[in-house]
Amino acid sequence: MSFSGFSSAKTKYNLFSKLIFGLLMTAFSISVFGQNSNCACFVKGIVRDKHSSQPVVGATVLIIGQNSGVFTDEKGRYELRNLCPGTYTLECRIVGYNSFRQTLDLTSGHIEDFSLQEQEIHLKDVEITAHRSQEPSSQPLSTISGNELENTRGRSLAESLKGLPGVTSLQTGSSISKPVIHGLHSNRVLIMNNGVRQEGQQWGSEHAPEIDPFIATRLSVVKGAAGVRYGSDAIGGVILVEPEELPFDKPLSSELNTVGFSNGRQGVLSGTVQGGIKMLKGFGWRAQGTIKKSGNIRTPDYYLDNTGTNEKNFSLAAGYRNKGFGIDLFYSRFDTKIGIFSGSHIGSVTDLLNVIRNGEPFIKSGFSYAIARPNQNVTHDLIKAETHYHFQNGNKLQWTAARQINNRNEYDLHRSRNDSIAALNHPELTFKLSTLTNDVVWDHKPIAGKLAGQVGVSTLYQYNLMSGRPLIPNFNQFNVGIFWMERYVRNSWELEAGVRYDYRKLKTYRIVSKEKLADDFNFKNFSGTLGATKNFSGRLSARLNVGTAWRAPNVSELFSDGVHHGAAAYEKGDASLQPETAINTIGSVKYAGERLTFEVGGYYNFISDYIYLKPQPEPILTIRGSFPYFKYTQTDATFKGVDVSASWKFVKTTTFSSKLSYLQAYDRRNDNYLVMIPANRIDNQLKYDLPDFGNWHQTYISAGNLFVARQKRVPPESDFAPPPKAYSIWTVQAGSSIRLSNKHQLETGITVQNLFNTAYRDYLNRFRYYADEMGRNISVRFKYSFGA
Amino acid sequence: MKINQKLTLALLLFTALTFTQCKDAGEDVEPDDENELITTVTLKFAEKGTTTVNSFSYKDTDGDGGNAPVQFDAILLKPNTAYTLTVEMKDESKTPAEDVTEEIQEKAEEHLLIYTPAPATLLTYTYGDKDANNFNIGLKGEALTGAAGTGVLKVQLRHQPGTKNGSAAPGSDDVNLDFTLTIK
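In this report, the structure presented in the accompanying data block is examined. Since the model is a prediction, treat every value here as computed from it, not as a measurement. (Residues numbered from 1 in each chain as written. Chains lettered and ligands numbered in written order. Predicted model: local features only at pLDDT ≥ 70, side-chain atom pairs only at ≥ 80, totals over all residues. Heavy atoms only, no water.)

Of the regular secondary structure elements, chain A holds 9 helices and 42 strands. A total of 788 residues make up chain A; the buried ones form 54% of that total. Sequence separation of at least 24 residues holds for 66% of the intrachain contacts in chain A that already meet a minimum separation of 6. Element-wise, carbon and sulfur atoms account for 57% of the exposed surface of chain A, whose accessible area totals about 32,500 Å². (Helix = DSSP H or I, 4+ residues; strand = E, 2+ residues; numbered from the N terminus. Buried < 20%, exposed > 50% of the residue type's maximum accessible area, 1.4 Å probe, protein only. Contact = heavy atoms within 4.5 Å. Areas by Shrake-Rupley, 256 points an atom, 1.4 Å probe, with all protein chains shown as cover.)

The subject of this paragraph is the packing of aromatic side chains. Residues and elements named next belong to chain A. Following the criterion strictly, the structure yields 28 aromatic pairs over all chains and no others. Here phenylalanine 391 and tryptophan 442 contribute two aromatic rings whose centre-to-centre distance is 5.6 Å and whose plane-to-plane angle is 50°, an arrangement assigned as tilted. Here phenylalanine 391, found in the loop between β21 (375-390) and β22 (396-411), pairs with tryptophan 442, found in strand β23 (residues 429-447); they are 51 residues apart in sequence, far enough to count as distant. Looking at phenylalanine 391, the relative accessible area reads 33%, which means it is partly exposed. One aromatic cluster is present, built from ring pairs that chain together Phe283, Tyr320 and Phe325. In this arrangement the basic side chain of arginine 229 is found over the ring face of tyrosine 230, its NZ or CZ atom lying 5.7 Å from the centre. (Phe/Tyr/Trp six-rings, centres within 6.5 Å; stacked < 30°, edge-to-face > 60°. Lys NZ or Arg CZ within 6 Å of the ring centre and 35° of its normal.)

Residues and elements named next belong to chain A. Taking strand neighbours across the sheet as the criterion, the 5 strands line up as β9-β14-β15-β12-β13 in an open arrangement whose pairing is mixed. One side of each edge strand has no neighbouring strand; the edge strands of this open sheet are β9 (141-145) and β13 (196-197). In the sheet, β9 pairs with strand β14 (residues 218-223) via 5 bridges, with the strands oriented antiparallel. From the neighbouring strand, serine 142 faces β14, where its bridge partner is valine 221. (Pairing = 2+ DSSP bridges.)

In this section: unusual backbone geometry. Both trends apply: most residues other than glycine have a negative phi, and most peptide bonds are in trans. With an omega dihedral of -5°, the bond running from arginine 373 of chain A to proline 374 of chain A counts as a cis peptide bond. Mapped onto the elements of the fold, proline 374 of chain A is located in the loop between α7 (349-358) and β21. With an omega of -5°, the peptide bond between alanine 118 of chain B and proline 119 of chain B qualifies as cis. At aspartate 249 of chain A, a residue that is not glycine, the phi angle is positive and equals roughly 55°. Inspection of the secondary structure puts aspartate 249 of chain A in the loop between β15 (237-242) and β16 (253-261). Judged by its relative accessible area of 41%, aspartate 249 of chain A falls in the partly exposed class.

Residue and element names in this part refer to chain A. As judged from the 11 bridges shared by strand β39 (residues 696-708) and strand β40 (residues 727-739), these two strands associate in the antiparallel manner. When the bridges of β40 are listed, alanine 703 appears paired with valine 732. Where β40 meets strand β41 (residues 744-753), 8 bridges bridge the pair, whose relative direction is antiparallel. For glycine 735, the partnering residue across the bridge sits in β41 and is glycine 749. Hairpin geometry of β40 and β41 is characterised by an intervening segment of 4 residues between the two adjacent antiparallel strands.

Below, the discussion takes up the sheet that holds strand β4 (residues 75-77) of chain B. Backbone hydrogen bonds hold the strands of a sheet together, and the pairing may be parallel or antiparallel. Residues and elements named next belong to chain B. Read across the open sheet, the 4 strands follow the order β4-β11-β10-β7; overall the sheet is mixed. Looking at strand neighbours, the two that pair on one side only are β4 and β7 (111-118), the edges of this open sheet. Geometrically, the sheet is characterised by an average inter-axis angle of 25° between neighbouring strands, direction not taken into account. Bridging between β7 and strand β10 (residues 149-159) involves 8 bridges; their strand directions are antiparallel. Within β10, the position partnered with threonine 116 by the bridge is lysine 154. (Axes fitted to C-alpha atoms, helices over the stretch in contact; angles between N-to-C directions.)

Core analysis: the biggest nonpolar cluster contains 32 residues, and Val41, Leu43, Phe45, Ile75, Leu77, Met89 and Tyr115 of chain B have the highest contact counts within it. Of all the elements, strand β11 (residues 172-183) of chain B adds the most residues to this core, at 5 residues. Excluding residues that lie within four positions of it along the chain, valine 41 of chain B makes contacts with Ile623 of chain A together with Phe56, Ser57, Tyr58, Val87, Glu88, Met89, Val175, Leu177 and Phe179 of chain B. The next biggest cluster of nonpolar side chains, apart from the first, holds 22 residues, and it includes Ile346, Val349, Ala568 and Ile620 of chain A. (Core = buried A, V, L, I, M, F, W, Y, C linked by side-chain atoms within 4.5 Å.)

This brings us to the side chain of aspartate 233 of chain A. Residues and elements named next belong to chain A. Checked against the element boundaries, aspartate 233 lands in the loop between α6 (227-230) and β15. Residue classification places aspartate 233 among the buried positions, given a relative accessible area of 9%. Setting aside chain neighbours within four positions, we find aspartate 233 in contact with Asn187, Arg188, Val189, Leu190, Arg197, Trp550 and Arg551.

All names here are of chain A. Together, Phe391, Leu397, Val440, Trp442, Val455, Val457, Ile482, Trp484 and Val499 give the surface a local cluster of nonpolar side chains, amounting to about 730 Å² of exposed area. When contributions to the nonpolar patch are tallied by element, the ones reaching two or more residues are β23, β24 (451-468) and β25 (474-490). Mapped onto the fold, valine 499 is located in strand β26 (residues 493-512). (Patch = residues over 30% accessible without salt bridge, like charges linked within 9 Å, V, L, I, M, F, W, Y side chains within 5 Å. Salt bridge = Lys/Arg side-chain N within 4 Å of Asp/Glu carboxyl O.)

Attention shifts here to the side chain of aspartate 129 of chain B. Residue and element names in this part refer to chain B. Looking at the element boundaries, aspartate 129 is found in the loop between β8 (123-127) and β9 (140-145). Here aspartate 129 occupies a buried position and makes no salt bridge, while the nearest side chain of opposite charge, lysine 140, is found at 7.7 Å. At a separation of 3.0 Å, a polar atom in the side chain of aspartate 129 contacts the main-chain amide nitrogen of leucine 139. Here aspartate 129 is in contact with Phe135, Asn136, Ile137, Gly138, Leu139 and Lys140, once residues within four sequence places are set aside. (Lys, Arg positive; Asp, Glu negative; His and termini not counted. Polar contact = N/O pair within 3.5 Å; in protein donor to acceptor, adjacent residues only side chain to side chain.)

What follows is the structure in structure tokens.
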């Protein structure tokens, strides 16, 4: 590793400042912590492998923003000396591991009281346990954790991720939300829930991910095609939902979260208890549960009838570590009942045109927690066993087996006219999807400390049973993938390459004219990835990745045949569809200074044989009148865009941050735009940090504005109504952390979303035709932690 | 190491038991009928004072999609004539065919039939039946034709569970058909 000197870093700093902030910055000069004659603080510790507990030799430990960095010795030890009191960010990095960052506060406010122990006060013994990384390092990885994640508590997974540049959401009203990465969603975004690929009925736009975000302490998004490491569907990106490592041999600790929202009068309660077992060395366990209840959502002017939700989730985890051996068992259950706005059942095109003309829903209601028809009732069970062994020589073998059972029941607005059938109150649609996944990954030991890699096999076996109104066929599906990835690190360069082969066999069963019909499909694909990362200094780095990913057509694209009553469209599948493949080029530059950080990334995603619903010239005549007719068709599509995020601490207490997402999607074969592409947006925030007051720490207030432009790039005459107008909404936040005692801590926060109760609509909300988005929503949250 | 081996064994057993899937999705495919399906709508115009009944139908026996509708008659009526108009709705995808008219009659408080001629001068419709809440139903009524001309007669069955108030607005369409209407 080479570190550029301080002066050159300063030059670059100024260069970039000028580039971005122009005149604003010219008066700005860098102020580093004043030289203190008392610079006798030091930080030392050991870097260990998180799993094997073996010391990591040759890792770099550096202070971000300083030209000081050291390597760990043969026992994994490091020591950074002669530090002045102040706040530092420590970073540790080595090939084959995730880089680790920790902020240290070496300015104890009580120095004078403990002057005799000054050395001790100023000494921080930081033991770093490094995680072997799984994500491709040359692809941008955005993470929400810590305070940022706490601020999203109580919201759904997609809503929690919305703060990341390039990530938006596809909504069905306010209660169903799916994550969108760089304009792609559903089967084009893969979710890894605790290391297991989430398998629900992702194809449906009103099928939200069945995951309780309270499980995670880290939510990350890998942007761009990542097919080599993650297999099929990772076309737009991958969402990683990661819980904290189990507390092996740690004392009992617990956490209780409560969140109340004014809109929908929503209440959320989530608790975690975890610890080790005194008598059993190497054990750790955790139990976690969440309950959530919400009633009708209110837009600025009216309530949306039947939009309550009711959720009960829990998870249990236990693990054991002994030397290089480790095993983790995990079980989670997600159980939700979601009311669907009763005005969203569209019988005919006339119905839809009437409500668009009306400007607001015909159905008016007050507040209620009751959930009537239409609604969804979904449960998702995941049971996972992960075991690994670190060989003495540095190799590692990992096996993850997981079974998921996804039960989705959908109740239509209208029951059967036949009273005896109606009385049974059966769901009109039932899907049971059962999935078994196995992943075996072999990490070979770093060769000459420079080349690290992994070889793996992933299998998936899945069956789907459905009953009720015919919608998608039953199917059995088998998938096997093998992959090989290597990462080479030299000086400031990090190079990465990988290949993968996937084979998928699908057998479908359906009823056509009362006859059972079976169809067989075979899909196969090669994927590859090539990437490079260059660290110019401890602060500035650039990365470039070219990756491919694929996705086989799903059963709804193959066999849909009927009116979609949410969209007032007749949708027909095509059994001759071929898999779509993406080639994604993504590059980014990242600068992390003391006061200024920014990341600028650009991407160009070319998807050949992109599957979409193509409008047909002739409408289809049904008993409910004629419906616009759409057929699943393939084309070549490009998704290109820019994500920018920047934060500038222009005074010690005040930070300005800005996030911009810009995207253009285009249908190459038909020379036209694509439908349902998120509009461009910019999110600005001003945050003021208050000084510590008594035992109140990290107190802040912030104000933010989100501006979303109108989506102008839509195919002409493709929709019942033009895309909604641009909107601008304000959010204010405040929060603090209160240390009650050594072991008890309380964190609190208040957020007001849509401060001015603005009426607006978003293009990616299915209800945009007839209903506004949620009005003002005030939320108050408390997190009480004990132990830890 | 011993405990490792035991654990590994336990894990293998656990895995074998938990993760066995040997279900075949093909075993469970059963034809399931759509509850709400209406395949056939027949308008019966009985000329007052005569025994002549003119029937006009829309028929799509396999429901939406699949095969195109097999029958969609154009309505032909005499000018300035009074007719008694009754409607028959069936689900002919089932054997025997299901009489939907009867079900609508039973659930009259949730349903409303609407007849909209365009141009409006072609025909005047007067409701001849009421539900328990004294709102129109439209299964039976009187149609008075105007002068000769051509246009469209829109027939809608509004499904308005819990929201029926006598107007067309609440609920959604279960039937929405534009019959060609000729008066001559």
